Amino acid sequence: MRRMRTALVLAAALALAAAVAATSSRSSAAAPTKLTLWVGFSARELGVVKSVVGEYDRKHADVEVKVVGGINDEKIVAAIRAGTAPDVVSSFNSYNVGSYCSTGGWIDLGPLMAKDHISVNIFPKATQYYTQYKGTRCALPMLADTYGLYYNKELFRKAGIAGPPRTMSELAADAKKLTQRSSSGKIAVAGLDPVIGFYENVPERWATAFGAQWQDAKGHAILGKNAAWTKMGNWLKGLIDWYGYDKLVRFQAGLGDEFSASQAFETGKLAMNLDGEWRVAFIAAEHPDLDYGTAPMPVDDAHPELYGSGYINGTIVGIPKNGKNRDQAWALVKYLTTNDHALAELSNGLRNVPTTKSSLTSKEIKPDAHFATFLKIFANPRSSTSPITAAGVAYTNAVQTFFTKWQAGGVKDLPGGLKKLDGQLDAAVSQAKGGGPP
């Protein structure tokens, strides 16, 4: 009897231990690591990102990812400084990569990529460039923004224009032919609005079409030495002067917001427009009956070899230096930037360009003739991006400020003004290198 009782007690103890272990296992499974991902997307686009991240959640029971939208670089920098940064951060563009990498605000992903045998060559050259600074790769690309020409086919037919222009001289001629004015001389429909600061018009997106070079081999600004910048400035101002600067400003004042259903190209008030690939999704949702086409931006007449290329930038992802759960954060970053299925799902929902070479030809990408234009531009080896410097967005902002003054008549000597701008840009970089971390 004594032995039987001992056996019963032992059996009971083993059963209890098994129950405790099972409970512990269930408790562990029910408490996954919580990750926070910050993104710039909002509204409908945020829903697309959450859907893709939700699929990742379902495949990885050990984590639970919270996606927070409406984030910008100012919020990211403030969180890093305050020590409250999330596990993973995302920015809409690469302008501040130089700052994030050089200060250590975002950690170097190079060792993590090497450990997992991920080659940077899975990405096209332009994205390889704008996700690093002087060898420190603190970001990876998660979709790209690629810029091209949108044109209204109905307005083209009425104006007797057979197809989209390929050169800058053709673009200027077509813009004038497509422009409609009221009896009082006001612009009713603009063939093209070239004013810097209007919608997506910033110097770097026009500079690509002229083959402009930003810096020499030592990283010094050469806008005053590179003739393409003067040529670009004169072309833009020449068309603005034809319209009348004040008349264009008044015309713009009556146009709808860029990211609304009243956007000027979508409503037929612009016959042509420089814009990003995402406009395809906006038009499909807001004006599906619009008869339009997409094409590469026209290029400098002297450089026909540039046709087919364009300006590239895009969403980048990184891990802030004081973020938690680094291993799980890296796994999420890796999925969002190197998994072709995830990139295809994001591309289909957002209509941004997927950023691995293999994803560009993925069978999961929904076919769309308008969108296909941007896939080709992105893959073009002559496509380019902005310079990555320690000064971050201040660098390109200074260039934009200069050309805004030039177009408005505030700069009388364009080549001389560009040479002075070179000095300002070099000073901005030098000052940034001496600054502290974000």
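Before any of the text, the structure's been laid out above.
To keep things clear, this report deals only with the structure shown in the data block. (Residues numbered from 1 in each chain as written. Predicted model: local features only at pLDDT ≥ 70, side-chain atom pairs only at ≥ 80, totals over all residues. Heavy atoms only, no water.)

So, about the overall build of the protein. For the protein, the helix and strand inventory stands at 17 helices and 11 strands. Counting only C-alpha atoms and orienting by the principal axes, one finds that the protein spans roughly 110 × 50 × 35 Å. By the burial criterion, 53% of the 438 residues in the protein qualify as buried. Considering only contacts within the protein whose residues lie at least 6 apart along the sequence, 75% involve residues at least 24 apart. Accessible surface for the protein amounts to roughly 19400 Å². Of this, 54% is attributable to carbon and sulfur atoms. Between the averaged position of the 48 positive side-chain charges in the protein and that of its 39 negative side-chain charges there is a distance of 5 Å. (Helix = DSSP H or I, 4+ residues; strand = E, 2+ residues; numbered from the N terminus. Buried < 20%, exposed > 50% of the residue type's maximum accessible area, 1.4 Å probe, protein only. Contact = heavy atoms within 4.5 Å. Areas by Shrake-Rupley, 256 points an atom, 1.4 Å probe, with all protein chains shown as cover. Lys, Arg positive; Asp, Glu negative; His and termini not counted. Charge placed at Lys NZ, Arg CZ, Asp CG, Glu CD.)

Turning our eyes to something else, we now look at the pattern of salt bridges. By the definition in use, this model includes 9 salt bridges. Between Arg157 and Asp291 there is a salt bridge whose closest N-O contact spans 2.8 Å. Of the two residues, Arg157 sits in helix H7 (residues 153-159) while Asp291 sits in the loop between helix H12 (279-286) and strand E9 (292-295), which places them 134 residues apart along the sequence. A relative accessible area of 55% places Arg157 in the exposed class. The class for Asp291 is partly exposed, based on a relative accessible area of 30%. (Salt bridge = Lys/Arg side-chain N within 4 Å of Asp/Glu carboxyl O.)

Next up on the list: the state of the cysteines. In total, this model carries 1 disulfide according to the counting rule given. Here Cys101 pairs with Cys138 through a disulfide, and the sulfurs are 2.1 Å apart. Between Cys101 and Cys138, the disulfide has an S-S torsion of -90 degrees and is therefore left-handed. Here Cys101, found in helix H4 (residues 97-103), pairs with Cys138, found in the loop between helix H6 (125-130) and strand E4 (140-141); they are 37 residues apart in sequence, far enough to count as distant. Just as Cys101 is buried, Cys138 falls in that class too. (Disulfide = S-S within 2.5 Å.)

Reading across the sheet, the 5 strands line up as E2-E1-E3-E11-E4 and stay open at both edges, with mixed pairing between neighbours. The sheet is open, and its two edges are formed by strand E2 (63-68) and E4, each paired on a single side. Sheet contacts for helix H2 (residues 43-59): strand E1 (33-38) and E2; angle to E2, the most-contacted strand, approximately 175 degrees. (Pairing = 2+ DSSP bridges. Axes fitted to C-alpha atoms, helices over the stretch in contact; angles between N-to-C directions.)

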